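# Coordinate analysis (summary)
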Amino acid sequence: MPQAAVPSYIGQDFNDAPPGHRFGLYFSCWQPDWTMEPDPKKAEEKSKKGKLAALKRAAALDRYSQAQLKELRQRQQAVAATLSETVFSWPATSIAPFMTGTGMEHPLENGFAFLNPYGLPYLPGSGVKGVLRRAAEELVSKDDGDPQGWNQHAIDVLFGRETEPGDTEIARNRGALMFWDVIPEPAGDKLAVDIMTPHYSDYYQGNTTPHDSGQPNPILFLAIPPGSRFEFFVQCESILLPEALRQKWRTLLEAAFRHAFDWLGFGAKTAVGYGQLRTAIEKAHAEHAKIAEERRAQAAQATLSPEQKILAELQDWFKKDQAAKRKEPGGRLAMHLRDL
């Protein structure tokens with residue numbers, strides 16, 4: 001039976017461990033001779049053997065991990081609400097599998113980024129910064145397009161500038177923006193096991209000429225499934241901004257996010273369609289507007305006299321009655337008046 005490479009006194013039951021620990025520390029794919037089952041189909045048939053079964057075990061999110069993910073996301077939202085105007089948030093939903101940290105070392109040669117010590121999937125803030133900076137640079141470099149307010153000076157101020165050949169130390173500066181790590185909420189409360197099948201690996205390695213008689217080599221890896229929820233947070237130190245940027249840094253970030261969502265993607269393997277996200281900012285704005293309207297209505301209700309409250313209640317029931325007449329003969333208003 002496949003086992004994890006850990007001392008015997010630790011045991012082999014890691015069902016309650018977070019996915020990052022099961023994928024890294026306790027990856028149970030090793031046979032007694034310390035080899036791995038190379039055939040995914042064979043591993044599927046044997047159910048509990050091989051890399052495929054080990055990945056499926058690592059992909060599960062137990063109830064503790066689900067609760068911890070929820071708490072981490074709520075913590076970010078609470079901090080963002082406390083910092084208020086200095087934090088820009090951008091909610092999104094994935095429309096394709098999402099990968100991050102594929103270059104990290106792992107026995108499968110395809111790693112995945114987990115936030116330690118929690119062992120939960122995440123996208124590092126440095127990766128978000130790199131994608132958004134590239135998006136801003138592409139907007140600026142467009143000859144026939146609208147830069148949407150971006151210019152090189154804004155890029156240097158918001159993202160920072162490194163010393164280049166010929167520059168002095170004075171030319172370097174730290175950017176005013178700080179990019180928080182992104183904690184995704186995987187759809188279905190589990191990670192996905194994906195597969196890619198290179199057909200020309202011998203040619204890519206320079207061992208032969210390109211031809212169609214090569215042996216495909218299925219490669220398994222972890223991914224975050226489509227339909228997962230993401231929320232990006234960007235914090236700004238406005239004291240580092242010139243007056244011209246203090247009023248429009250949010251507008252610039254929104255333009256960069258939209259360009260990144262439309263043309264770049266986040267994470268790894270974006271060139272083949274991974275990491276595509278759809279903005280949920282309009283939905284979030286609508287929800288926030290609904291909440292604000294309800295709070296305004298409650299505040300206005302508190303200032304009414306008893307007679308005005310009764311009149312407002314009757315008007316509200318009249319509106320509901322109009323919508324319910326087709327379903328309920330007599331409507332709700334008549335029933336409410338009888339109750340009064």
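Predicted, not measured: the structure shown is a model, and the values here were computed from it.

Reading guide: rules and limits
- Residues numbered from 1 in each chain as written.
- Predicted model: local features only at pLDDT ≥ 70, side-chain atom pairs only at ≥ 80, totals over all residues.
- Heavy atoms only, no water.
- Helix = DSSP H or I, 4+ residues; strand = E, 2+ residues; numbered from the N terminus.
- Contact = heavy atoms within 4.5 Å.
- Areas by Shrake-Rupley, 256 points an atom, 1.4 Å probe, with all protein chains shown as cover.
- Buried < 20%, exposed > 50% of the residue type's maximum accessible area, 1.4 Å probe, protein only.
- Pairing = 2+ DSSP bridges.
- Axes fitted to C-alpha atoms, helices over the stretch in contact; angles between N-to-C directions.
- Salt bridge = Lys/Arg side-chain N within 4 Å of Asp/Glu carboxyl O.
- Parallel < 35°, antiparallel > 145°, perpendicular 65-115°, else oblique.
- Nonpolar A, V, L, I, M, F, W, Y, C, P; charged D, E, K, R; others polar.

## Quick notes on the overall build of the protein
- Within the protein, the regular secondary structure consists of twelve helices and ten strands.
- Residue pairs at least 24 apart in sequence account for 69% of intrachain contacts in the protein once pairs closer than 6 positions are excluded.
- When the accessible surface of the protein is totalled, it reaches about 20300 Å², and 52% of it is carbon and sulfur.

## Details of unusual backbone geometry
- The amide bond that connects Asn116 to the next residue, Pro117, takes the cis arrangement and shows omega of 5 degrees.
- Structurally, Pro117 can be placed in the loop between β2 (114-115) and β3 (120-121).
- Residues other than glycine seldom take positive phi values, yet Ser84 does so here, at roughly 55 degrees.
- Relative to the assigned elements, Ser84 resides in the loop between α4 (63-83) and β1 (87-94).
- You can call Ser84 partly exposed: its relative accessible area is 39%.
- For Lys269, which is not a glycine, the phi torsion comes out positive at approximately 60 degrees.
- Its relative accessible area of 29% is what places Lys269 among the partly exposed residues.

## What to know about the pairing of strand β9 (residues 229-236)
- Within β9, seven of the eight residues are buried, which leaves the element mostly enclosed by the surrounding structure.
- Here β1 runs beside β9; their pairing, made up of seven bridges, is antiparallel. Bridge pairing in β9 places Ala92 opposite Phe230.

## Let's talk about the sheet that holds strand β6 (residues 177-179)
- Strand order in the open sheet formed by four strands is β6-β9-β1-β10, with antiparallel pairing between adjacent strands. Each having just a single partner strand, β6 and β10 (277-279) make up the two edges of the open sheet. On average, each strand axis in the sheet is inclined to that of its neighbour by 35 degrees, with strand direction left out of account.
- Sheet strands touched by α4: β1 and β9. Its angle to β9, the strand with the most contacts, is close to 35 degrees.

## Side note on the pattern of salt bridges
- Across all of its chains, the model carries ten salt bridges by this definition.
- A salt bridge links Arg246 to Glu243, with the nearest nitrogen and oxygen atoms 3.9 Å apart. You can see Arg246 and its partner Glu243 sitting in helix α8 (residues 243-246), three residues apart, about one turn around the helix.
- Glu243 sits in the exposed class, given a relative accessible area of 55%.
- Three or more residues are tied together by salt bridges with common partners; here these are Arg73, Glu185 and Arg229.

## Points about the packing of helix α5 (residues 125-141) against helix α6 (residues 152-159)
- Here α5 crosses α6 at 170 degrees, and the two axes come no closer than 10 Å. If you check the angle between α5 and α6, you find them roughly antiparallel. For the pair α5 and α6, the contacting residues are Lys129, Leu132, Arg133, Ala136, Glu137 and Val140 in the first and Gln152, Ile155, Asp156 and Phe159 in the second.
- Residue composition of the contact of α5 with α6, grouped by class: five nonpolar, one polar and four charged.

## Focus: the packing of α5 against helix α9 (residues 249-264)
- At their nearest, the axes of α5 and α9 sit 8 Å apart, and the two run at 95 degrees to each other. Classified by the interaxial angle, the pair formed by α5 and α9 is roughly perpendicular. Contacts from Val131, Leu132, Arg134, Ala135, Glu138 and Leu139 in α5 reach Leu253, Ala255, Ala256, Phe257, His259, Ala260 and Leu264 in α9.
- Grouping the amino acids of the contact of α5 with α9 by side-chain chemistry returns ten nonpolar, one polar and two charged.

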